[in-house]
Amino acid sequence: MAKAVFTTKAKPGYDDLPEERYHFPRTYLNAAKSALGDWIVYYEPRRSTADLSSSGGRQSYFATARLVDIRPDPARADRFYGYVEHYLEFDDAVPFREAGFYYEQSLRKADGTTNKGRFGRSVRPLPDTEYHVILAAGFQRQAHEAQPFVADNPARIGTGNPVVPERPVFEQLIHRPFRDRVFSTAVKQAYNNTCAITGLRIINGGGRPEVQAAHIRPVAANGPDSMRNGLALCGTAHWMFDRGLISVRDDYALLLKESAIPEPFFRIINDDRRLKLPAAPAQRPHPNFLRFHRKRVFGIHP
């Protein structure tokens, strides 16, 4: 087994859903097989779509997951699916290069420039040491007390002898307390601590927001800890959403079981009966998870 980098665009040309699967051509089959059973890092390139002239991608590592299966694409003989579990997005996306430091050392040529040929490979092997450095940078806000690495000072590592962080973050990746904290922090921040259904932003006496982070596809149904599978909701809206009294269409319009919802609640729902969304499209609910909620929780077919 060996760790790897999987490249996926903001609007992929392949059938990627990074939270669940990675779609790739036969060219990368051996490289993907080498990572089977181990952890991978997702990277978003500069190109945001399959169009060669597109741009706007973050050029950053943004999540990690464990590769657990590889299967042929039943519709195309030259394509494969890599299936993942334990997907978790970083607190902060990690740029591939900072102040001359490359998180993947193989991307740096001897003259200090980027090895574009190497960079062009969508699946790349990743040494354990570099994986742990990327992980520490991505989860620095959650685990700064346990990690000696400082992400905003890559010169501290140097370009030839990276400091390998201790392993507490890696060892917590599959544990709910850590995952819940990462997921909750990211969702609340994306929605500015505001309930997506009511627009309420309540800060308690201790200065903490009352909003909660809700999974759209529940954890019990293998829902990933992904921003695109999350909503910031006040306690009452969260309770109703989890019990299937409220759901959301693909266009973010609310679906309500009006006969089962107390009349006073309608007074605080967003006037347009639509979700209030994060400004960044990449942080908004994904249709796959919304469809699951409508069918399995709310009780209607997509």
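Reading the values: the criteria
- Residues numbered from 1 in each chain as written.
- Predicted model: local features only at pLDDT ≥ 70, side-chain atom pairs only at ≥ 80, totals over all residues.
- Heavy atoms only, no water.
- Helix = DSSP H or I, 4+ residues; strand = E, 2+ residues; numbered from the N terminus.
- Rg over C-alpha atoms; globule rule 2.2 N^0.38 Å.
- Buried < 20%, exposed > 50% of the residue type's maximum accessible area, 1.4 Å probe, protein only.
- Contact = heavy atoms within 4.5 Å.
- Areas by Shrake-Rupley, 256 points an atom, 1.4 Å probe, with all protein chains shown as cover.
- Lys, Arg positive; Asp, Glu negative; His and termini not counted.
- Charge placed at Lys NZ, Arg CZ, Asp CG, Glu CD.
- Core = buried A, V, L, I, M, F, W, Y, C linked by side-chain atoms within 4.5 Å.
- Pairing = 2+ DSSP bridges.
- 1 Å grid on protein atoms, 1.4 Å probe; cavity = no way out; pocket = protein on both sides within 12 Å on 5 of 7 lines; lining within 4 Å.
- Points joined across faces, edges and corners; volume = space filled by probe spheres on them.
- Nonpolar A, V, L, I, M, F, W, Y, C, P; charged D, E, K, R; others polar.
- Salt bridge = Lys/Arg side-chain N within 4 Å of Asp/Glu carboxyl O.
- pLDDT = per-residue confidence, 0-100.
- Axes fitted to C-alpha atoms, helices over the stretch in contact; angles between N-to-C directions.

With respect to the overall build of the protein chain
Moving on, step 1. Of regular secondary structure, the protein chain possesses 8 helices and 12 strands.
Moving on, step 2. Here the protein chain has a C-alpha radius of gyration of 21 Å; the compact-globule value for 302 residues is 19 Å, and the two agree.
Moving on, step 3. Evaluated residue by residue, the protein chain yields a buried proportion of 48% over its 302 residues.
Moving on, step 4. Of the contacts formed within the protein chain by residues at least 6 apart in sequence, a portion of 63% connects residues at least 24 apart.
Moving on, step 5. A total of about 14500 Å² of accessible surface is found on the protein chain, and carbon and sulfur atoms cover 48% of it.
Moving on, step 6. Across the protein chain, 43 positive and 33 negative side-chain charges occur, with their mean positions spaced 4 Å apart.

A word on helix α8 (residues 287–298)
Moving on, step 1. Restricting attention to buried positions, one finds in α8 the residues Phe 289, Leu 290, Phe 292, His 293, Arg 294 and Phe 298.
Moving on, step 2. Elements in contact with the buried residues of α8: α7 (235–242), β11 (246–248) and β12 (254–256).
Moving on, step 3. Gly 299 occupies a position one or two residues after α8 and carries a positive phi of about 95 degrees.

Overview of the nonpolar core
Moving on, step 1. Counting 33 residues, the largest nonpolar core has Ile 197 and Leu 233 as its most contacted members.
Moving on, step 2. For this core, the elements supplying multiple residues, two or more each, are α6 (176–190), β9 (212–215), β10 (230–233), α7, β11, β12 and α8.
Moving on, step 3. Counting residues in each nonpolar core, the second largest holds 26 residues, with Val 41, Tyr 43, Leu 88 and Phe 119 among its members.

Quick notes on the environment of Pro 224
Moving on, step 1. Examined against the element boundaries, Pro 224 turns out to sit in the loop between β9 and β10.
Moving on, step 2. In the structure, Pro 224 is positioned 47 residues away from Pro 177 in sequence and 14 Å away in space, judged by C-alpha atoms.
Moving on, step 3. Pro 224 has contacts with Glu 19, His 215, Asn 229 and Phe 289, leaving out every residue within four places of it along the chain.

With respect to the pairing of strand β4 (residues 60–72)
Moving on, step 1. With 6 bridges connecting them, strand β3 (residues 39–44) and β4 associate as antiparallel partners. Note that in β4 the partner of Trp 39 across the bridge is Arg 66.
Moving on, step 2. Bridge count between β4 and strand β5 (residues 79–95): 10 bridges; the pairing is antiparallel. For Ser 60, the partnering residue across the bridge sits in β5 and is Pro 95.
Moving on, step 3. Counting the residues in the hairpin turn of β4 and β5 gives 6 residues.

Remarks on unusual backbone geometry
Moving on, step 1. The residue Asn 222 is not glycine, and still its phi comes out positive at about 65 degrees.
Moving on, step 2. Locating Asn 222 in the fold gives a position in the loop between β9 and β10.
Moving on, step 3. Exposure remark for Asn 222: the relative accessible area of 65% places this residue in the exposed category.
Moving on, step 4. Positive phi, close to 55 degrees, is recorded for Arg 273, a residue that is not glycine.
Moving on, step 5. You can see Arg 273 is positioned in the loop between β12 and α8.

Comments concerning the layout of surface pockets
Moving on, step 1. What the largest pocket holds in volume is close to 970 Å³.
Moving on, step 2. In terms of lining, the largest pocket is formed by 36 residues, of which the most central are Arg 58, Arg 228, Pro 281, Ala 282 and Gln 283.
Moving on, step 3. If you list the elements that add at least two residues to the lining of the largest pocket, you get β5 and α6.
Moving on, step 4. At 6 residues, the largest contribution of residues to the lining of the largest pocket is made by β5.
Moving on, step 5. A per-class count over the lining of the largest pocket returns 16 nonpolar, 8 polar and 12 charged.

Regarding the pattern of salt bridges
Moving on, step 1. Evaluated as defined, the whole model comprises 20 salt bridges.
Moving on, step 2. Glu 44 serves as the salt-bridge partner of Arg 58, at 2.9 Å between the closest nitrogen and oxygen. A residue pair is termed long-range when its members are at least 10 positions apart, and Arg 58 in the loop between β3 and β4 and Glu 44 in strand β3 qualify at 14 residues.
Moving on, step 3. Since its relative accessible area comes to 7%, Glu 44 is described here as buried.
Moving on, step 4. With its nearest N and O atoms 2.7 Å apart, the salt bridge here joins Asp 69 to Arg 71.

Overview of the confidence of the model for the protein chain
Moving on, step 1. Mean pLDDT over the protein chain stands at 90; residues scoring 70 or higher make up 90%.
Moving on, step 2. Throughout residues 145–161 the model reports pLDDT below 50, and contacts reaching past four residues in sequence, or to other chains, amount to 37 contacts.

A word on the sheet that holds β4
Moving on, step 1. Overall, mixed pairing links the 6 strands, which are arranged β2-β5-β4-β3-β1-β8 in an open sheet. Edge positions in the sheet fall to β2 (21–25) and β8 (123–126), since each has one partner strand and no second. Strand-to-strand, the axes of this sheet are offset by a mean angle of 40 degrees, without reference to chain direction.
Moving on, step 2. Where helix α3 (residues 128–138) meets the sheet, its contacts fall on β1 (3–7), β3, β4, β5 and β8, and the angle it forms with β5 comes to roughly 50 degrees.

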